[in-house]
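Observations on the model geometry
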Amino acid sequence: MRSPALPPSQMHLGAGDLVRLADGETSPIYRIDRLETSDLQLAEAVRVEQGVYKASDLLDEAPTVKPYAAPTPVLPVFLDLPLFTGAEIPHAPYLAVTGDPWPGAATVYTSSNDEGYALGDIIPNRAIIGATETPLRRASAGIWDEGPALRVKLISGQLESRPRSSILSGVNLAAIGDGTPGNWEVFQFSDAVLEAPGVYALSGRLRGQLGSDALMPDVWPDGSIFVLLNDRVQQINLLRTERRIAKHYRIGPASRSYDDGSFQHLIASFDGNGLRPYAPVHLKVQSSDSGDDVTWVRRARLDADDWSGLEIPLGEEREFYLVRIRASGTLLREDLVDEPRWTYSAAMKVADGLSGAYEVEVAQVSAIYGPGLAARHLVGQMI
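Residues numbered from 1 in each chain as written. Predicted model: local features only at pLDDT ≥ 70, side-chain atom pairs only at ≥ 80, totals over all residues. Heavy atoms only, no water.

1. A look at the overall build of the protein
The secondary structure content of the protein amounts to 2 helices and 27 strands. For 383 residues, the compact-globule estimate of 2.2 N^0.38 gives 21 Å, and the C-alpha radius of gyration of the protein, at 37 Å, exceeds that figure by more than 25%. Principal-axis analysis of the C-alpha atoms gives the protein an extent of 135 × 45 × 45 Å. Taking as baseline every contact in the protein between residues at least 6 positions apart, the subset at least 24 positions apart corresponds to 59%. Accessible surface computed for the protein: about 21000 Å², of which carbon and sulfur atoms make up 51%. Between the averaged position of the 35 positive side-chain charges in the protein and that of its 50 negative side-chain charges there is a distance of 2 Å. (Helix = DSSP H or I, 4+ residues; strand = E, 2+ residues; numbered from the N terminus. Rg over C-alpha atoms; globule rule 2.2 N^0.38 Å. Contact = heavy atoms within 4.5 Å. Areas by Shrake-Rupley, 256 points an atom, 1.4 Å probe, with all protein chains shown as cover. Lys, Arg positive; Asp, Glu negative; His and termini not counted. Charge placed at Lys NZ, Arg CZ, Asp CG, Glu CD.)

2. Re the pattern of salt bridges
Any two side chains of opposite charge can pair if their charged atoms end up close together. Inspection of the entire model under this criterion finds 21 salt bridges. A salt bridge links Arg207 to Glu185; its shortest N-O distance comes to 2.7 Å. Taken together, the residues Arg207 in strand β15 (residues 199–209) and Glu185 in strand β14 (residues 184–196) connect sequence positions 22 residues apart. Relative accessible area serves as the criterion here: at 0%, Arg207 is assigned to the buried category. Its salt-bridge partner being Glu361, residue Arg376 comes within 3.3 Å of it at the nearest N-O pair. (Salt bridge = Lys/Arg side-chain N within 4 Å of Asp/Glu carboxyl O. Buried < 20%, exposed > 50% of the residue type's maximum accessible area, 1.4 Å probe, protein only.)

3. So, the packing of aromatic side chains
Going through the model one piece at a time under the given rule, you end up with 13 aromatic pairs. Here Tyr109 and Tyr258 contribute two aromatic rings whose centre-to-centre distance is 5.2 Å and whose plane-to-plane angle is 45°, an arrangement assigned as tilted. Here Tyr109 is found in strand β7 (residues 106–111), whereas its partner Tyr258 is found in the loop between β19 (247–253) and β20 (264–268), with 149 residues between them in sequence. The buried category is assigned to Tyr109, whose relative accessible area is 15%. (Phe/Tyr/Trp six-rings, centres within 6.5 Å; stacked < 30°, edge-to-face > 60°.)

4. Here we look at the pairing of strand β5 (residues 75–79)
Burial runs high along β5: 4 of the 5 residues are buried. Where β5 meets strand β6 (residues 94–98), 5 bridges bridge the pair, whose relative direction is antiparallel. Bridged to Val77 within β6 is Ala96. (Pairing = 2+ DSSP bridges.)

5. Focus on the sheet that holds strand β22 (residues 291–297)
Overall, antiparallel pairing links the 3 strands, which are arranged β21-β22-β25 in an open sheet. Only two strands of the sheet have a single neighbouring strand rather than two, namely β21 (281–288) and β25 (341–345). The average angle at which neighbouring strand axes cross in this sheet is 15°, direction not considered. Bridge analysis of β21 against β22 gives 6 bridges, and the strand direction is antiparallel. Considered in β22, the bridge of Ser287 is made with Asp292. (Axes fitted to C-alpha atoms, helices over the stretch in contact; angles between N-to-C directions.)

6. Considering the nonpolar core
Membership of the largest hydrophobic core comes to 17 residues, with the highest contact counts inside it found for Trp296, Trp342, Tyr358 and Val360. Here this core takes 4 residues from strand β23 (residues 321–327), the largest share from any one element. Counting 16 residues, the second-largest nonpolar core is a separate cluster that includes Leu154, Leu159, Ala192 and Phe226. (Core = buried A, V, L, I, M, F, W, Y, C linked by side-chain atoms within 4.5 Å.)

7. Overview of the sheet that holds strand β3 (residues 29–37)
Taken together, the 4 strands give an open sheet; going across it, the order is β1-β4-β3-β2, and neighbouring strands pair in antiparallel fashion. Edge positions in the open sheet fall to β1 (5–6) and β2 (18–20), since each of these has one partner strand only. Pairing of β2 with β3 involves 3 bridges; the strand directions are antiparallel. Among the inter-strand pairings, Arg20 is bridged to a residue of β3, identified as Ile29.

8. So, the environment of Ile123
Relative to the helices and strands, Ile123 resides in strand β8 (residues 118–123). For the pair Ile123 and Glu133, spaced 10 residues apart in sequence, the C-alpha separation works out to 28 Å.

9. Examining the pairing of β14
The side chains of a regular strand alternate, first on one face of the sheet and then on the other. Note: strand β13 (residues 173–177) against β14, 5 bridges, orientation antiparallel. Bridged to Ala174 within β14 is Phe187. As paired elements, β14 and β15 share 8 bridges and run antiparallel to each other. From the neighbouring strand, Phe189 faces β15, where its bridge partner is Arg205.

Given below as structure tokens:
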């Protein structure tokens, strides 16, 4: 720092000005930081680099204004599904959410009535949801469905083909249904062929997975809802005591309040289908003069893939079955039995006023859930 004195002819200089003490472009430059005025001007100055004060050759980018994008509603889909691995919360439903454009995350607010909502869940990922463009007809469970490809139009995302050996390990799991929480068939597919933007043809299917074969209709019509069951679909918070109780849900962009117009308002209740017993299999009826002997084999929703055991694990508190007899859609009889067999005697038929064909239904009973899905068998010809 130097303290030169300035003559009266330099009275126009002030603090902050740059000066040279000698002529020439190579002489050093000083910045005046302080002036003291008397008969002379005493200045305190600091030497500075000349390049600091040269204009940069870089051009500043012109400011831009992003167009305003109004928040748009998201599409929420509830799925009350059976257990996948057994590690899930059995009574809690799943929620898949998508949107175009996707707001980055979605929030779920819940309440027992349409006020006083509390934040329930945050959905960070956009699920892969679409609608079918072709019907999907009934097929046998447990074997490959080689029928016509199912054409699906996705809202967003993509599907991929996987080897059939990988399918047997649980990949490419999906649900098809009418959009109501409990009416979903779970299936898998090995081949996903892109036919148009966002449109896939799915073939090489395994139908009625996870015990959903009893929910398979004669045909899923075009326009049915398709959801890929991957890690983007998550269970929501639901107390066990809230099963089968209708609750209010407001679902929308995480950046908005639940009273924003972009939020969807839904009222839904859930049975907790992770607790639901599977429908029995191999339902058979052998008729004789004394009556009809009905037999079946139970299935288990837990630990049933371990073939080292001598018998299928029970999976429930005790063994119970509900047997129903229907004729022409009318319920004639229902009995509770504790073994996988039951006899519909001739005396029972007379008491029920049955003289023709009938349908027998058998469902395993859970003490928590109640009767599960039923296996059905038509006996004789309906008249």
